[in-house]
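# Observations on chain architecture
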Amino acid sequence: MSEPVRPWWSGDDDIGGIGFARFFAWTGLLLGVGAVVLAVAAPLEGDALRTVWITGFGAIAMWVSFMAVPRYRNAGVRVSLAVPATMVLGALTIAIMVYAFAVIAFAAGGIILPAPAHWVEVPAGPPVVTA
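Here goes a summary of the coordinates provided. Source: prediction; values computed, not measured.

### Details of unusual backbone geometry
In this structure, Glu45 takes a positive phi of about 50 degrees despite not being glycine. Within the secondary structure, Glu45 is located in the loop between helix H1 (18-41) and helix H2 (48-66).

Written out as structure tokens, the structure reads:
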């Protein structure tokens, strides 16, 4: 098998080709990894709206990756493993954020569920600098 002459993303001249399928699959996977990292590490600080944004980020990762499926099928190629991996990462992000939303909602009512401290802890205020 010879080395490709053109870059990997330019498999065909149109947006329905194998190149864009690869681009969407791997971009979705990268977004999915970023969404999971945000879901675990983002300081929510009791703000439920932050969970909505991170959930949307996970859903966008799934959507971008899912756009690769018809392009792989049109090219007659097996769908990349990056697509189902992204679906798992996106679903994991959504599940974590649903739980985080529940933690924040219950904490507002006085019920404390097990969760990282940075999900419900609100900082005391801006740091004070004295000169």
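Moving on from the coordinates now.
### Quick word on the packing of H2 against helix H4 (residues 82-108)
H4 packs onto H2 with a crossing angle of 165 degrees between their chain directions and a minimal axis gap of 9 Å. Accordingly, the angle class assigned to the pair H2 and H4 is roughly antiparallel. Relative to H4, the crossing made by H2 is left-handed. Taken together, the residues of H4 that come into contact with H2 (itself represented by Ala48, Thr51, Ile54, Thr55, Gly58, Ala61, Met62, Ser65 and Phe66) are Ala82, Val83, Thr86, Met87, Gly90, Ala91, Thr93, Ile94, Met97, Ala100, Phe101 and Ile104. Residue composition of the contact of H2 with H4, grouped by class: 14 nonpolar, seven polar and no charged.

### Structural notes on the packing of aromatic side chains
Given two aromatic rings, one states the distance between the centres and the angle between the planes to describe the pair. Overall, the coordinates contain four aromatic pairs when judged by the stated rule. Consider the rings of Phe23 and Phe24, whose centres lie 5.7 Å apart with planes at 55 degrees: the pair is tilted. Here a set of aromatic residues connected by ring pairs shows up, and it is made of Phe20, Phe23 and Phe24.

### What to know about the nonpolar core
Among the nonpolar cores identified, the biggest contains 13 residues, and Ala21, Ala25, Ala68, Tyr72 and Val83 are the most heavily contacted of them. Going through the elements one at a time, H1, helix H3 (68-75) and H4 are the ones with two or more residues in this core. Residue contributions to this core peak at six residues, all from H1. Beyond its immediate chain neighbours, meaning those up to four positions away, Ala68 contacts Ala21, Phe24, Ala25 and Val83. Counting residues in hydrophobic clusters, the runner-up holds ten residues, among them Leu44, Ile54, Ile96 and Ala100.

### Some thoughts on the environment of Ala91
Relative to the helices and strands, Ala91 is located in helix H4. On the basis of relative accessibility, which here comes to 40%, the residue Ala91 falls in the partly exposed class.

Scoring rules and cut-offs
Residues numbered from 1 in each chain as written. Predicted model: local features only at pLDDT ≥ 70, side-chain atom pairs only at ≥ 80, totals over all residues. Heavy atoms only, no water. Helix = DSSP H or I, 4+ residues; strand = E, 2+ residues; numbered from the N terminus. Axes fitted to C-alpha atoms, helices over the stretch in contact; angles between N-to-C directions. Parallel < 35°, antiparallel > 145°, perpendicular 65-115°, else oblique. Left-handed = near helix turned anticlockwise from the far one by under 90°. Contact = heavy atoms within 4.5 Å. Nonpolar A, V, L, I, M, F, W, Y, C, P; charged D, E, K, R; others polar. Phe/Tyr/Trp six-rings, centres within 6.5 Å; stacked < 30°, edge-to-face > 60°. Core = buried A, V, L, I, M, F, W, Y, C linked by side-chain atoms within 4.5 Å. Buried < 20%, exposed > 50% of the residue type's maximum accessible area, 1.4 Å probe, protein only.

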